[in-house]
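What the coordinates show
Now for the letters of each chain:
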Amino acid sequence: MAKESGLAAGILIGGYDFTGDVTAVGNISGGPNLTEAVTGIDKSAMERIGLLRDGKLNGTSWFNPTANMGHDRLGNLPTTDVGVQYWHRQVIARPVACLVAKQANYDGNRAQDGSFTFDWEFAANGFGLEWCTGLTAFKRTDTTATAGTAVDMGTAAFAGSSTFGLQAYLQVFSFTGTSCTVTIQESSDNGADTYANVTGGAFTAATGITTERIQTSRTQTVERYLKVTTSGTFSECTFSVAVARPDVSTLF
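What counts, and where the lines are drawn
- Residues numbered from 1 in each chain as written.
- Predicted model: local features only at pLDDT ≥ 70, side-chain atom pairs only at ≥ 80, totals over all residues.
- Heavy atoms only, no water.
- Helix = DSSP H or I, 4+ residues; strand = E, 2+ residues; numbered from the N terminus.
- Rg over C-alpha atoms; globule rule 2.2 N^0.38 Å.
- Buried < 20%, exposed > 50% of the residue type's maximum accessible area, 1.4 Å probe, protein only.
- Contact = heavy atoms within 4.5 Å.
- Patch = residues over 30% accessible without salt bridge, like charges linked within 9 Å, V, L, I, M, F, W, Y side chains within 5 Å.
- Areas by Shrake-Rupley, 256 points an atom, 1.4 Å probe, with all protein chains shown as cover.
- Salt bridge = Lys/Arg side-chain N within 4 Å of Asp/Glu carboxyl O.
- 1 Å grid on protein atoms, 1.4 Å probe; cavity = no way out; pocket = protein on both sides within 12 Å on 5 of 7 lines; lining within 4 Å.
- Points joined across faces, edges and corners; volume = space filled by probe spheres on them.
- Nonpolar A, V, L, I, M, F, W, Y, C, P; charged D, E, K, R; others polar.
- Core = buried A, V, L, I, M, F, W, Y, C linked by side-chain atoms within 4.5 Å.
- Polar contact = N/O pair within 3.5 Å; in protein donor to acceptor, adjacent residues only side chain to side chain.
- Phe/Tyr/Trp six-rings, centres within 6.5 Å; stacked < 30°, edge-to-face > 60°.
- Lys NZ or Arg CZ within 6 Å of the ring centre and 35° of its normal.

Describing the overall build of the protein chain
Per the secondary structure count, the protein chain includes 1 helix and 14 strands. Taken against the 2.2 N^0.38 rule, which gives 18 Å for 252 residues, the C-alpha radius of gyration of the protein chain at 20 Å falls within 12% of a compact globule. When the backbone C-alpha atoms are referred to their principal axes, the protein chain occupies close to 60 × 60 × 35 Å. By the burial criterion, 43% of the 252 residues in the protein chain qualify as buried. Of all intrachain contacts in the protein chain linking residues separated by at least 6 positions in sequence, the fraction that spans at least 24 positions is 76%.

Take a look at the structure:
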């Protein structure tokens, strides 16, 4: 795959699509915080060890007072956790940065040229930032129970199954019906091995706009091919799913 720009990206926050309002994403970062406090006096260079996992995502959006758009949602500065997804491309099987986060700020700036923008930041809460793979083509709309397109999760390190479980993120943007259950299924070969539900890979049945993060056992085997299915009683459900299948043991 060749080098790419940041064009045709998307950003989803708390079950709402802010892609059209966001003019820039300034920082997407995560991983363990490092400390050099362990450096001994006998050393001529810093020694560092990793501490707690963390993450953040910040950006700038235009003022939009329309109901359920940027200002209406971000201006509330919610104190509860917010699900955040940055999609590098609005297609299936591409990188997605995911956070369970607290919104830290919403700072307005009326520039001399008349533009009115707001800077905001989301800081990870509990899990750090996770780079995932999209199992939907950005937002997917199902009108009945549906089995989605399979994604090959194989990597150079793990071409087959992984034994470190998975983490997955769901956002539901609109819903009509009684309930819709979004479930991740797996297969070893996307062919003869019939798809089956991943143990622990079902999200809570959705009945409206919502976000959720799930994870399986940290030592669970997860097959190479994954896809998303829906079930329940509904006439419309629009949602997104991204998943991380670690190549190494990952604890939270």
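Here's the deal with a nonpolar patch on the surface
Together, Val38, Ile49, Leu51 and Leu52 make up a nonpolar patch on the protein surface, roughly 390 Å² of accessible area in all. Inspection of the secondary structure puts Ile49 in strand S4 (residues 49-62).

Quick look at the layout of surface pockets
A volume near 170 Å³ is recorded for the largest pocket. Ile13, Gly14, Tyr16, Phe18, Arg73, Leu74, Asn76, Pro78, Val82, Gln103 and Phe122 together form the lining of the largest pocket. Tallied by class, residues from the lining of the largest pocket come to 7 nonpolar, 3 polar and 1 charged.

Some thoughts on the environment of Leu129
Among the structural elements, Leu129 can be located in the loop between strand S7 (116-124) and strand S8 (130-134). When its relative accessible area of 9% is taken as the criterion, Leu129 is described as buried. What Leu129 contacts, discounting residues up to four positions off in sequence, is Ile28, Ser29, Gly30, Asp54, Gly55, Lys56, Ala97, Cys98, Leu99 and Ala124.

Focus on the nonpolar core
The biggest cluster of nonpolar side chains holds 23 residues, and the ones touching the most others in it are Ile184 and Leu226. Here Ile184 is in contact with Leu135, Leu166, Ala168, Ala196, Asn197, Val198, Gly201, Phe203, Leu226, Lys227 and Val243, once residues within four sequence places are set aside. Judged by nonpolar contacts, the second largest core, of 20 residues, contains Ile13, Val82, Ala97 and Phe122.

A short note on the side chain of Asn64
Among the secondary structure elements, Asn64 is positioned in the loop between S4 and helix H1 (70-74). Among the residues examined, Asn64 registers a relative accessible area of 16% and is labelled buried. Within polar-contact distance, the side chain of Asn64 engages the side chain of Asp21 at 3.1 Å. With near-sequence residues (within four places) excluded, Asn64 lies in contact with Asp21, Met69, Gly70, His71 and Asp72.

Let's talk about the packing of aromatic side chains
As enumerated under the stated definition, the model contains 7 aromatic pairs in all. Ring centres of Trp87 and Phe138 lie 5.6 Å apart, and the angle between their planes is 85 degrees; on these two criteria the pair is classed as edge-to-face. Here Trp87 is found in strand S5 (residues 82-87), whereas its partner Phe138 is found in the loop between S8 and strand S9 (140-142), with 51 residues between them in sequence. Just as Trp87 is buried, Phe138 falls in that class too. Ring plane angle 50 degrees and centroid distance 4.9 Å describe the contact between Phe116 and Phe118, whose orientation is recorded as tilted. The buried category is assigned to Phe118, whose relative accessible area is 7%. Within the aromatic cluster, the residues linked to one another by ring pairs are Phe63, Tyr106, Phe116 and Phe118. The residue whose ring lies beneath Lys227 is Tyr195, and the NZ or CZ to ring-centre distance is 4.1 Å.

Section: the pattern of salt bridges
For the structure shown, the criterion picks out 10 salt bridges. In this structure, Lys139 and Asp17 form a salt bridge, with 3.0 Å as the shortest nitrogen-oxygen distance. Taken together, the residues span a long stretch of sequence, with Lys139 in the loop between S8 and S9 and Asp17 in strand S2 (residues 16-17) at a distance of 122 residues. With relative accessibility at 34%, the residue Lys139 sits in the partly exposed group. In this structure, Glu47 engages Lys43 in a salt bridge whose closest nitrogen and oxygen atoms are separated by 3.7 Å. Via salt bridges that share partners, Glu4, Arg89 and Arg94 belong to a single interconnected network.

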